[in-house]
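# Report on the structure
Now for the letters of each chain:
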Amino acid sequence: MAKTIMIQGTMSNAGKSLIAAGLCRIFHEDGYRVAPFKSQNMALNSFITREGLEMGRAQVMQAEAAGVEPSVRMNPILLKPTGDMTSQLIVNGEVRGNYSARAYFTMKTGLIPDIMAAYNSLSEENDIIVIEGAGSPAEINLKENDIVNMGMAKMANAPVLLVGDIDRGGVFAQLYGTVMLLEEEERARIKGMIINKFRGDVSILKPGLDQIEELTGIPVVGVTPYISIDVDDEDSLSPRFSDTHHRGENVNQIDIAVIRLPRISNFTDMNPLERIDGVSVRYVDSVRDFGHPDLVILPGTKNTMDDLRWMRMNGLEAVIKKAAASGTCVFGLCGGYQMLGRSLSDPCGIESGGEMEGMGLIPARTVFSRKKTRTQVHGKITAGEGLFQTLSGTEIEGYEVHMGETFFDGPHGELAEIRAVSGEESEIKSDGIFCKNVFGTYVHGFFDSGSVSGKLVEALGREKGLAMSAAATVDYNSYVQSQYDKLADTLRESLDMKAIYAMLR
């Protein structure tokens, strides 16, 4: 059975996911077989495994850091919010249905056998399991029947590292308050504390470090700096959505506007474009910040119909249609692709129910059904004209995860030809559409290939009379691996790894 260590935080976005990924990388570099694990994840960024099963992207990122293939066992419970009070429940990669917060709270302990079966299976195959908690273990209204923080630590008999975020202020109060709100048995599981996202001279913190250790009886095993690491984000707390450069000012040579939908999902699709010199990727949620982009991207969403209504009410739909009419390229991904059509129909009440008019930019209609498409895909772009014509023949690889099917009822071109693989089953089919300057696809990861994202930026540059030839040199996978190496190197310098190794049981 594997040794294990758990990373918990004083709050959401304290840095648990990144610390866990960094430890996965360190253990991997040190020659251990290591796997990440999070019993319950709540996020709209998901991934489809080779078997056609759905899991959270945070554990995919951590698996990449660990040098292993993502497995749904690393995230047996995934909650995908469908509204303010409801979420789609996914267990071991399969949809169980939609649940209200209260209904899920009352039944979640029934999922413990699924959680422990996944954990034990991973434990048999690995030397070390790095477990990530969720939110804070001191949410006193949620502590009863907990399955993701101290409850999981108890089930796995795991030592805990508690991470506090100094960048938001009050880190000593965070750490002390969290420890004091725990039961004595739970406190005993915390073997070390980490102060994360520090900017400045660590020696200035020394009096505070000594005092927090004296007050809690728990050692501080590291002060990690504010790290500029570019890896996939877990959820909508991403700093990508709050950076001031996402406004319509001071943009680079190529300006890409991504619509910041209320229920945006899989926004990691756009990350490869951000990494190209001379490109601005801005997340826009108002007409005021729309500007004059070279490319507009409508991303994935957990609720296509409600998010289209939101765009319709705040004026973004109108400004996008006006931009498309003037020749600006518009690209829809998954739910964004569905919005582009003439109509959306939901006879089974999967989203909002009923029917509504689409944006009318492509001759297509989407009908939602209870069946969820979950496949990995690979293929090539086949567009014969427009922006993607120069990319024809370029290979793509990614995955589909969506409810509903899109049908065409007018002249259009095929964007790509793909082979969709789910477990032992595979199917060759066409994907997406191009219709003048409007494009759409169901393939998440469409831009991940350096040749796709690079050539796309080159094509956008040609439209403006700019030479963007350096874009084609982008190697997305090598870049991501270098980020994990950077993360591991930083953590080795700032954490007491000898003490952490001693904690492993």
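Below is a summary of the structure that appears in this document. (Residues numbered from 1 in each chain as written. Predicted model: local features only at pLDDT ≥ 70, side-chain atom pairs only at ≥ 80, totals over all residues. Heavy atoms only, no water.)

A separate point is helix H2 (residues 57-66). With nine of its 10 residues buried, H2 lies for the most part within the structure. If you check which residues of H2 are buried, you get Arg57, Ala58, Gln59, Val60, Met61, Gln62, Ala63, Ala65 and Ala66. Remark: glycine 67 follows H2 within two positions and exhibits a positive phi of approximately 75°. (Buried < 20%, exposed > 50% of the residue type's maximum accessible area, 1.4 Å probe, protein only. Helix = DSSP H or I, 4+ residues; strand = E, 2+ residues; numbered from the N terminus.)

This part covers the layout of surface pockets. Of the volumes computed, that of the second largest pocket is approximately 880 Å³. Mapped by element, the contributors of at least two residues to the lining of the second largest pocket are strand E4 (46-48), H2, strand E21 (364-381), strand E22 (395-408), strand E23 (416-422) and helix H14 (476-494). Its residues assigned to classes, the lining of the second largest pocket comprises 16 nonpolar, nine polar and 12 charged. (1 Å grid on protein atoms, 1.4 Å probe; cavity = no way out; pocket = protein on both sides within 12 Å on 5 of 7 lines; lining within 4 Å. Points joined across faces, edges and corners; volume = space filled by probe spheres on them. Nonpolar A, V, L, I, M, F, W, Y, C, P; charged D, E, K, R; others polar.)

With that out of the way, let us pick up the pairing of strand E11 (residues 190-198). Most of E11 is tucked away, with eight of its nine residues classed as buried. By the bridge criterion, four bridges tie E11 to strand E12 (residues 220-225) in an arrangement that is parallel. Along E12, the bridge assignment pairs isoleucine 195 with valine 223. Once the chain exits E11 it traverses helix H8 (residues 206-216) before rejoining the sheet at E12, and the crossover so formed is right-handed. (Pairing = 2+ DSSP bridges. Right-handed = clockwise from strand over helix to strand, strands pointing away.)

According to the stated counting rule, one finds one cavity of 30 Å³ or more in the structure shown. For the largest cavity, the calculated volume is near 40 Å³. Every residue along the wall of the largest cavity is listed here: Arg57, Asp232, Thr268, Asp269, Tyr399, Gly445, Asp448 and Tyr476. Residue classes in the lining of the largest cavity are distributed as two nonpolar, two polar and four charged.

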